[in-house]
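Reading the structure
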Amino acid sequence: MRLQFGPRWWSSWNRCCASWQPPSLPRRRRRLMLAESMSFFCSPEVGLRAMARALAPRKALTVSQWADDNRHLSSKGSSVTGEWVTDRNPPLREPMDCLSARSNVRDVVLMFPIQFGKTEVAVNALGYCMDHDPCPVMVCLPGEVSMQKWVAQKLNPAIDESPAMKRALTSVASRDATNTRTFKDFAGGQLYVEHAGSPSRLKSTTVRKLIVDEVDEFANNFSGGDDPLEMLNGRTSAFPTTSQRLYISTPQIKGISRIEQLWLKSDQRRYHVPCPHCGHLQHLEWSGLHWTPDVSQVWYTCQECGAQIDEHHKTAMIAAGQWIPGNPGAKVRGYHINCLYYQFGLGPRWAELAEAWREVQSDPARHKTFMNDRLAEPWEDAAMRAVRHNAIADRAEPYKLRVAPMGVLAVTAGVDTQDNRLAVHITGWGRGMAFWTLDYVELMGDPADDAVWVALTELLNTPIQHECGATLRIEAMANDMGGHRGEAVKAYVRDRRVRRPMVIFGATANNAPVLGKGKLMDVDWRGRVDKRGVTVYQVGTVAAKHWLYGRLSTDADKPSDQRQTHFSQDLEPSYFAGLVSETYNPAKNRFDKRRGARNEPLDTWVYSYAAAHHPELRLHRATTADWDRREAQLLAMAQASGTPAEVSSTIVEPGALAPMAEAWPVDRIPRNTSTSLFDIAYGG
């Protein structure tokens, strides 16, 4: 017996069914469910099956499965058109599946080479979100130009060629406010396409999924001081347990690369493939690739059995490969792969890569590009490799702080002003501008208060004890006026509480000299320049840091008695990390601070180096006679204080005291070791 219903009843029933259907379902599926619900009254068996399907849990579907079923590639952005097939590039499967609805992975980092499919991972994850796992999602690019390119070449072709993505959109009309270039409204969610060129574009948006492309191209911070990546991460805080974030980029400069920093925090997965000869799993490294002198033959050498692996084995090896973590237990899922894994037809062959590698060896700029784009490794300047902080700490020497070793003939200081402290670096100088770090200290206190300046005055006016028995006074001090306490710095220098105080600031020009020409900054009541006021000098920080890093690099393999750079083993480990906290960026021709590092030790060393260039000192231009004179003065003072002659004689050559013996008779030198001979010589 079949129930019969009139037209009005069916019309009401249709409206009711349409109202309770979840809006996130595709229109085709809603129509199918409506038809099945109507058939319930015509055939109870069919209706019960429909109800069972409706009540059943959603079928588990991964991003790679969705892409294989629904994604179509366009000729506008891919060399291979038609249906997406994950098996063409198997290493992409696991990173994509981490972004599935039932995945417990929240953060995914892809440090991939160019043209390997990393952006396609993002597009597939986006399509999966629009069609299967609807939620608010944001895609962020570094700048407006890159954002427009991404929309034109990646997003729009994907929507046009993939019916599942197009079907999910609320509207496909070009003049509809729900379908613009940077905003797409779809059933159950919204898509925001933004760029990190302005902080306002990264605010007032709540999303569950975040896709960040080309992370390394993001600015270090906005003009207001905010970090763009941290602002983006805050967009997902409303979904503390279900949010997912994908970071994609090729790396840039080692130490300042954002993607490298994220990768180091991850479980560091690399794609391991089996050797076709012995089956040993290994990840392919560039150092394992070998070729003949004419690059006519290229092969890879197995790390285990040493067998020759030809490129034609690559397809089967990659198909049988797997991702293996190098840092298991980390919460962030990180993936790194290089150009040796390009599939045939999807990237350059091994011979082409080897030829490109040979061509870039004589060009540092092209070498950097190959390292970043093909090997997906952060680039490091050759001079930076020998200045790692742990290597410098291992070269520390057993001399005490604030005790000048033999060879120190002059002392200067550099001061960096922060809002809550003063960082002070005391440096001793010798022949050839060899230097010794004599002390590094941070005086806590707001520079707006005079208490911290009193402590600085006491520190800088305390003589430095020399190993020969004499004492040395700090002959010049350079204080940075940058930051919020510039007026306090100028007021301190104006009081002349220490010897030869200087107000300095970093020069804008990258080719500026270490110490530029001074400029009077104070004016009198008539508006004229006050010649008795403060003189401000600009410091060429780039030149000074190049000089320091060059010395540190050349000293790496020298014995201690031949080094030009000397550090006490009593210095804190944080000092050595801060001394090399910046790395050279050839694109900007300047030094950029490594992420998370404190650079006060480096800055204060630069300032003490600038103080050595004081117009009244000019230690960098000192001649052999000038250094001999200083040694003679030091020895004379040591003898006057009663130090044994055999100890002092180790620092001067025979006969070097003859000129000074006439100028400074020993009986005129006071025997108080707290008084320096330089006080007598320079009227201090």
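The rules behind these values
- Residues numbered from 1 in each chain as written.
- Predicted model: local features only at pLDDT ≥ 70, side-chain atom pairs only at ≥ 80, totals over all residues.
- Heavy atoms only, no water.
- Helix = DSSP H or I, 4+ residues; strand = E, 2+ residues; numbered from the N terminus.
- Buried < 20%, exposed > 50% of the residue type's maximum accessible area, 1.4 Å probe, protein only.
- Contact = heavy atoms within 4.5 Å.
- Areas by Shrake-Rupley, 256 points an atom, 1.4 Å probe, with all protein chains shown as cover.
- Disulfide = S-S within 2.5 Å.
- Core = buried A, V, L, I, M, F, W, Y, C linked by side-chain atoms within 4.5 Å.
- Pairing = 2+ DSSP bridges.
- Phe/Tyr/Trp six-rings, centres within 6.5 Å; stacked < 30°, edge-to-face > 60°.
- Lys NZ or Arg CZ within 6 Å of the ring centre and 35° of its normal.
- pLDDT = per-residue confidence, 0-100.
- Salt bridge = Lys/Arg side-chain N within 4 Å of Asp/Glu carboxyl O.
- Right-handed = clockwise from strand over helix to strand, strands pointing away.
- Axes fitted to C-alpha atoms, helices over the stretch in contact; angles between N-to-C directions.
- Parallel < 35°, antiparallel > 145°, perpendicular 65-115°, else oblique.
- Left-handed = near helix turned anticlockwise from the far one by under 90°.
- Nonpolar A, V, L, I, M, F, W, Y, C, P; charged D, E, K, R; others polar.
- Patch = residues over 30% accessible without salt bridge, like charges linked within 9 Å, V, L, I, M, F, W, Y side chains within 5 Å.
- Arc of directions from axis to C-beta.

**Notes on the overall build of the protein**
- For the protein, the helix and strand inventory stands at 24 helices and 28 strands.
- Of all 684 residues assigned to the protein, the portion counted as buried reaches 50%.
- Relative to all contacts within the protein whose residues are 6 or more apart in sequence, the contacts with residues 24 or more apart total 70%.
- For the protein, the exposed area adds up to about 32000 Å²; of that, 51% sits on carbon and sulfur atoms.

**Quick look at the state of the cysteines**
- A complete count under the given rule lists 0 disulfides for this structure.
- Of all cysteine sulfurs in the structure, the one in cysteine 302 sits closest to cysteine 275, which takes part in no disulfide; the separation is 3.6 Å.

**Section: the nonpolar core**
- Counting residues in hydrophobic clusters, the biggest one holds 79 residues, and the most contacted among them are Leu456, Tyr549, Leu552 and Phe567.
- Take this core: its biggest share by element is 7 residues, from helix α20 (residues 600–611).
- When sequence neighbours within four positions are dropped, the list of residues in contact with phenylalanine 567 reads Ile392, Ala396, Glu397, Tyr399, Phe435, Thr437, Leu552, Tyr575, Phe576 and Leu579.
- Of all hydrophobic cores here, the second largest spans 73 residues; its members include Val105, Trp286, Leu289 and Cys339.

**Remarks on the sheet that holds strand β13 (residues 308–309)**
- If you trace the 3 strands from one edge of the open sheet to the other, you get β11-β12-β13, paired in antiparallel fashion. Both edges of this open sheet fall to β11 (289–291) and β13, since each of them pairs with a single strand only.

**Quick look at unusual backbone geometry**
- One non-glycine residue with positive phi stands out, namely glutamate 214, at about 55°.
- Within the element layout of this structure, glutamate 214 appears in the loop between β7 (209–213) and α9 (228–233).
- Note on glutamate 214: relative accessible area 23%, which makes it partly exposed.
- Positive phi outside glycine occurs at arginine 496, with the angle close to 55°.

**Quick notes on the sheet that holds strand β21 (residues 471–472)**
- The sheet built from 3 strands is open, its strands ordered β16-β20-β21 with mixed pairing. Strand pairing shows two members of the sheet lacking a second neighbour, β16 (403–404) and β21, which therefore form its edges.
- Pairing between strand β20 (residues 464–466) and β21: 2 bridges, direction antiparallel. Looking across to β21, one finds that isoleucine 464 is bridged to leucine 472.

**Digging into the environment of valine 493**
- Mapped onto the elements of the fold, valine 493 is located in helix α17 (residues 486–495).
- Separated by 14 residues in sequence, valine 493 and asparagine 479 have C-alpha atoms that sit 8.4 Å apart.
- Setting aside anything within four residues of it in sequence, one finds valine 493 in contact with Pro501, Met502 and Val503.

**Focus: the packing of aromatic side chains**
- Tallying each qualifying case throughout the model produces 27 aromatic pairs.
- Aromatic pair tyrosine 440 and tyrosine 575: ring centres 5.6 Å apart, planes at 50°, arrangement tilted. You can see tyrosine 440 sitting in strand β19 (residues 435–444) and its partner tyrosine 575 sitting in helix α19 (residues 573–579), a full 135 residues away along the chain.
- Tyrosine 440 sits in the buried class, given a relative accessible area of 17%.
- Tyrosine 575 gets classed as buried once you look at its relative accessible area, which sits at 2%.
- The ring centre of phenylalanine 344 lies 5.0 Å from the NZ or CZ of lysine 314, which sits over that ring.

**Remarks on the confidence of the model for the protein**
- Mean pLDDT over the protein stands at 84; residues scoring 70 or higher make up 86%.
- Note on residues 644–684: pLDDT under 50 across the span, and 67 contacts to partners over four residues away in sequence or across chains.

**Some words on the pattern of salt bridges**
- Enumeration according to the criterion identifies 34 salt bridges in this entry.
- A salt bridge links lysine 154 to glutamate 120, with the nearest nitrogen and oxygen atoms 3.9 Å apart. With lysine 154 in helix α7 (residues 144–161) and glutamate 120 in helix α6 (residues 118–131), this pair connects stretches of sequence that are 34 residues apart.
- The exposure class of lysine 154 is buried, given its relative accessible area of 18%.
- Exposure remark for glutamate 120: the relative accessible area of 11% places this residue in the buried category.

**Details of the pairing of β7**
- Of all 5 residues in β7, 5 are buried; the element is thus mostly enclosed.
- Of the two faces of β7, the one holding Lys209, Ile211 and Asp213 and the one holding Leu210 and Val212 are both buried throughout.
- Handedness of the β-α-β unit built from β7, α9 and strand β8 (residues 244–249) comes out right-handed.

**Section: the packing of α6 against α7**
- Relative to each other, α6 and α7 sit at 45°, their axes nearing to 10 Å. Between α6 and α7, the angle is such that the two are oblique. Here α6 runs over α7; the crossing is right-handed. Where α6 approaches α7, its residues Thr119, Glu120, Val123 and Leu126 are matched on the opposing element by Trp150, Lys154, Leu155 and Ala158.
- For the contact of α6 with α7, the residue count by class is 5 nonpolar, 1 polar and 2 charged.

**Quick look at a nonpolar patch on the surface**
- Nonpolar side chains collect at one region of the surface, where Leu520, Val523 and Val529 lie side by side and expose about 230 Å² of accessible area between them.
- Tracing the backbone through its elements, the reader meets leucine 520 in strand β24 (residues 519–520).

**Side note on helix α4 (residues 63–70)**
- Residues of α4 that are buried: Val63, Ser64, Trp66, Ala67 and Asn70. Viewed end-on, α4 has its buried residues packed into an arc of 160°, placing them on one side of the element.
- Where α4 is buried, its residues touch β1 (72–73), α5 (93–97), α6 and α8 (163–168).

**Description of the pairing of β19**
- β19 sits mainly inside the fold: 7 of its 10 residues count as buried.
- For strand β18 (residues 421–429) and β19, the ladder comprises 9 bridges, and the chain directions are antiparallel. Within β19, the position partnered with tryptophan 429 by the bridge is phenylalanine 435.
- Here β18 hands over to β19 after 5 residues, with glycine 432 in that stretch at a positive phi of 70°.
- Of the pairings in the sheet, the one linking β19 to strand β26 (residues 565–566) comprises 2 bridges and is parallel in character.

**Topic: the packing of helix α12 (residues 350–360) against helix α13 (residues 364–373)**
- In contact at an axis separation of 8 Å, α12 and α13 are set at 145° when each is read in the N-to-C sense. In this structure, α12 uses Leu353, Ala356, Trp357, Glu359 and Val360 to contact α13, whose residues at the interface are Arg366, His367, Phe370 and Met371.
- Looking at the contact of α12 with α13 residue by residue, the classes come out as 6 nonpolar, 1 polar and 2 charged.

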